[in-house]
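# Fold and geometry: a report
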Amino acid sequence: AQSVTQPDIHITVSEGASLELRCNYSYGATPYLFWYVQSPGQGLQLLLKYFSGDTLVQGIKGFEAEFKRSQSSFNLRKPSVHWSDAAEYFCAVGPYTDKLIFGTGTRLQVFP
Amino acid sequence: EPEVTQTPSHQVTQMGQEVILRCVPISNHLYFYWYRQILGQKVEFLVSFYNNEISEKSEIFDDQFSVERPDGSNFTLKIRSTKLEDSAMYFCASKTGGYYNEQFFGPGTRLTVL
């Protein structure tokens, strides 16, 4: 079955610390992978996407993610977290950009 | 910057009542979607809509649900007879054509069925 797992429901980091949010997927075809962020009262905003090619992809707001086919993972990273990064983060997989399959999300809390 | 808007932000209704959730997609977009997220669960695809017809729907999208693009700007999701388990956050999304163009999401409507 096609699915996305985000093992961490809630993560707390200090401002300036590094961040890694985990995402594992199960998908029968070539996966198209996405990370979205949702700030309170806002819609889901695309951070980055992976379709093919270089397995390390750069996104907006200083985020990057690495696709590892052998581990079925697409973890999101940021070297230094800012207080404004506090939000909910969703990993998703899909056939191209249609019918996205999302994980349950990871809520990030940032302490000053 | 253009954005997808949704109204209302929060809707409370009684079980068995009909509700209509409204979305205004980005104006030049051609593909439209509804997703929902039950509290604590995954965001789930409901339906995609293109060229004035449903292009794909999930098993969740049963006969109680319908979608419509009544004019050139709105995209609506109707639930005919709400159930308690319809309580969720409903997200609308839209995109331009093409396989690789991203979906833009609205802020969601929280539906509470009592």
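Residues numbered from 1 in each chain as written. Chains lettered and ligands numbered in written order. Predicted model: local features only at pLDDT ≥ 70, side-chain atom pairs only at ≥ 80, totals over all residues. Heavy atoms only, no water.

### Topic: the packing of aromatic side chains
Given two aromatic rings, their pairing is described by the distance between the two centres and the angle made by the two planes. With the rule as written, the count across this model stands at 20 aromatic pairs over all chains. On the numbers, 5.9 Å between centres and 85° between planes, the contact of A:Phe102 with B:Phe105 is edge-to-face. Residue A:Phe102 is found in strand β11 (residues 101-102), and its partner B:Phe105 is found in strand β10 (residues 104-105); the two belong to separate chains. Residues A:Phe102 and B:Phe105 agree in their burial class; the two are buried. (Phe/Tyr/Trp six-rings, centres within 6.5 Å; stacked < 30°, edge-to-face > 60°. Helix = DSSP H or I, 4+ residues; strand = E, 2+ residues; numbered from the N terminus. Buried < 20%, exposed > 50% of the residue type's maximum accessible area, 1.4 Å probe, protein only.)

### Side note on the interface of chain A and chain B
In this complex, chain A contributes 20 residues to the contact, which on the side of chain B involves 20 residues. Both sides together, the interface formed by chain A and chain B hides about 1800 Å², and carbon and sulfur atoms give 56% of it. On inspection of chain A and its partner chain B, the count reaches one salt bridge. If you list the elements that add at least two residues to the side of chain A that touches chain B, you get β5 (32-38) and β6 (45-50) of chain A. Tallying contributions element by element places β5(A) first for the side of chain A that touches chain B, with three residues. A class-by-class count of the residues in the side of chain A that touches chain B yields ten nonpolar, seven polar and three charged. (Contact = heavy atoms within 4.5 Å. Buried area = accessible area lost by both parts, 1.4 Å probe. Salt bridge = Lys/Arg side-chain N within 4 Å of Asp/Glu carboxyl O. Nonpolar A, V, L, I, M, F, W, Y, C, P; charged D, E, K, R; others polar.)

### Observations regarding the pattern of salt bridges
Any two side chains of opposite charge can pair, on the condition that their charged atoms come close. Per the stated rule, a full pass over the model turns up seven salt bridges over all chains. With its nearest N and O atoms 2.9 Å apart, the salt bridge here joins A:Arg22 to A:Asp8. Remark: A:Asp8 occurs in the loop between β1 (3-5) and β2 (10-14) and A:Arg22 occurs in the loop between β3 (19-21) and β4 (24-26); sequence separation between them is 14 residues. Accessibility expressed as a relative area gives 17% for A:Asp8, which makes it buried. Between B:Glu56 and A:Lys99 there is a salt bridge, with the nearest N and O atoms lying 3.0 Å from each other. Here B:Glu56, found in strand β6 (residues 53-57), pairs with A:Lys99, found in the loop between β10 (87-94) and β11, and the two come from separate chains. The class of B:Glu56 is partly exposed, set by a relative accessible area of 33%. Here the salt bridges share partners, and the residues they tie into one network are A:Glu64, A:Glu66 and A:Arg77.

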